[in-house]
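# Inside the fold
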Amino acid sequence: MMQRSYGVDDNDVHFATAIAASAHAIHSLIEAGSQVQIRKTTTTRKQEPFRPPQPGSMRKPTVPVAADQRQRETSVRSSYGEADAWEKAQIAKIRKRYEKMQTEILAWENEKKLRQKKKMERKKGELELRKSRNLQHYYSKIGRIDHMAAGAKAQLDEKRRQEESVVKEKARRMRSTGIAPVDCFCF
């Protein structure tokens, strides 16, 4: 057996075939109905319409309609009525099936939309969590930088105070001895 490689399901093929058969049947019935209509109009044209006699004119004798012709007209009318009833029933079935399919499509669409909305909300929650974690990380880094800068500033102040005290000590010695300190620029 030869397998199909284009991914069409057997149910899809059967469904498409059923729809094509239904369309053909409806088309055939419409054509048959138009032929019945033509036959019906031709049989009624053979009968002359009733006209009241005019004064002074002679009335033609009416020809009685044969029983066989009446039976044919009745069978055509009944088959025409049956065709109408069948057509209405088939159209009702088709509409019902398509309404069912339309509700299934709508349900599928709503399910997919709901699933995507939940997924988006989950990702949004994850992003919010990541944002809060990043914000905490940022604040901890800023705190660490502030702490390190405060320590560096304190060390700088301490070193400045020490150097100032050394200079003040040397200046006090110069005042007491009167000799200027010698800075050696030796290598």
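Residues numbered from 1 in each chain as written. Predicted model: local features only at pLDDT ≥ 70, side-chain atom pairs only at ≥ 80, totals over all residues. Heavy atoms only, no water.

Within an unreviewed UniProt entry, the label attached to the protein chain reads Remorin C-terminal domain-containing protein, and the organism entered is Sesamum alatum. Heading Sequence similarities (unreviewed entry) of the UniProt record for the protein chain holds this comment: "Belongs to the remorin family." (UniProt positions renumbered as here; feature names shortened; annotations may be inferred.)

For the rest of this paragraph, the subject is the overall build of the protein chain. In terms of regular secondary structure, the protein chain is built from 2 helices and 0 strands. Across the 187 residues in the protein chain, those meeting the buried criterion constitute 3%. (Helix = DSSP H or I, 4+ residues; strand = E, 2+ residues; numbered from the N terminus. Buried < 20%, exposed > 50% of the residue type's maximum accessible area, 1.4 Å probe, protein only.)

Here the focus is the confidence of the model for the protein chain. Reading fine detail from the predicted coordinates is not recommended where pLDDT is low. The pLDDT averaged across the protein chain works out to 79; a share of 66% of its residues lies at or above 70. Scored below 50 in pLDDT, residues 1-5 shows 2 contacts in the model against residues more than four places distant or in partner chains. (pLDDT = per-residue confidence, 0-100. Contact = heavy atoms within 4.5 Å.)

What follows concerns the pattern of salt bridges. When the charged atoms of two side chains lie near each other, side chains of opposite charge can form a pair. Tallied over the entire structure, the rule returns 6 salt bridges. Here Arg 160 ties to Asp 157 by a salt bridge, and the two come within 3.8 Å at their closest N and O atoms. Of the two residues, Arg 160 and Asp 157 are both situated in helix H2 (residues 67-177); the distance of 3 residues between them amounts to about one turn of the helix. Looking at Asp 157, the relative accessible area reads 33%, which means it is partly exposed. For Glu 164, the salt bridge is made with Arg 160, and the minimal N-O distance between the two is 3.1 Å. Placement of both Glu 164 and Arg 160 in helix H2 is noted, with a separation of 4 residues, approximately one turn of the helix. The exposure class of Glu 164 is partly exposed, given its relative accessible area of 35%. Exposure remark for Arg 160: the relative accessible area of 42% places this residue in the partly exposed category. One network of salt bridges, in which partners are shared, links Asp 157, Arg 160 and Glu 164. (Salt bridge = Lys/Arg side-chain N within 4 Å of Asp/Glu carboxyl O.)

Looking now at a nonpolar patch on the surface. On the surface, a cluster of nonpolar side chains totalling about 510 Å² of accessible area is made up of Leu 135, Tyr 138, Tyr 139, Ile 142 and Ile 145. In this fold, Tyr 138 is placed in helix H2. Residue Tyr 138 is classed as partly exposed on the basis of its relative accessible area, which comes to 46%. (Patch = residues over 30% accessible without salt bridge, like charges linked within 9 Å, V, L, I, M, F, W, Y side chains within 5 Å. Areas by Shrake-Rupley, 256 points an atom, 1.4 Å probe, with all protein chains shown as cover.)

Look at the UniProt record and you will see "coiled-coil region" (unreviewed entry) annotated at residues 91-130. From the first C-alpha to the last, residues 91-130 spans 57 Å; its make-up is 100% helix and 0% strand.

Per the counting criterion, the structure on display carries 1 aromatic pair. Relative to Tyr 139, the ring of Tyr 138 has its centre 5.5 Å away and its plane inclined at 55 degrees; by these criteria the two rings are tilted. We classify Tyr 139 as exposed; its relative accessible area is 52%. (Phe/Tyr/Trp six-rings, centres within 6.5 Å; stacked < 30°, edge-to-face > 60°.)

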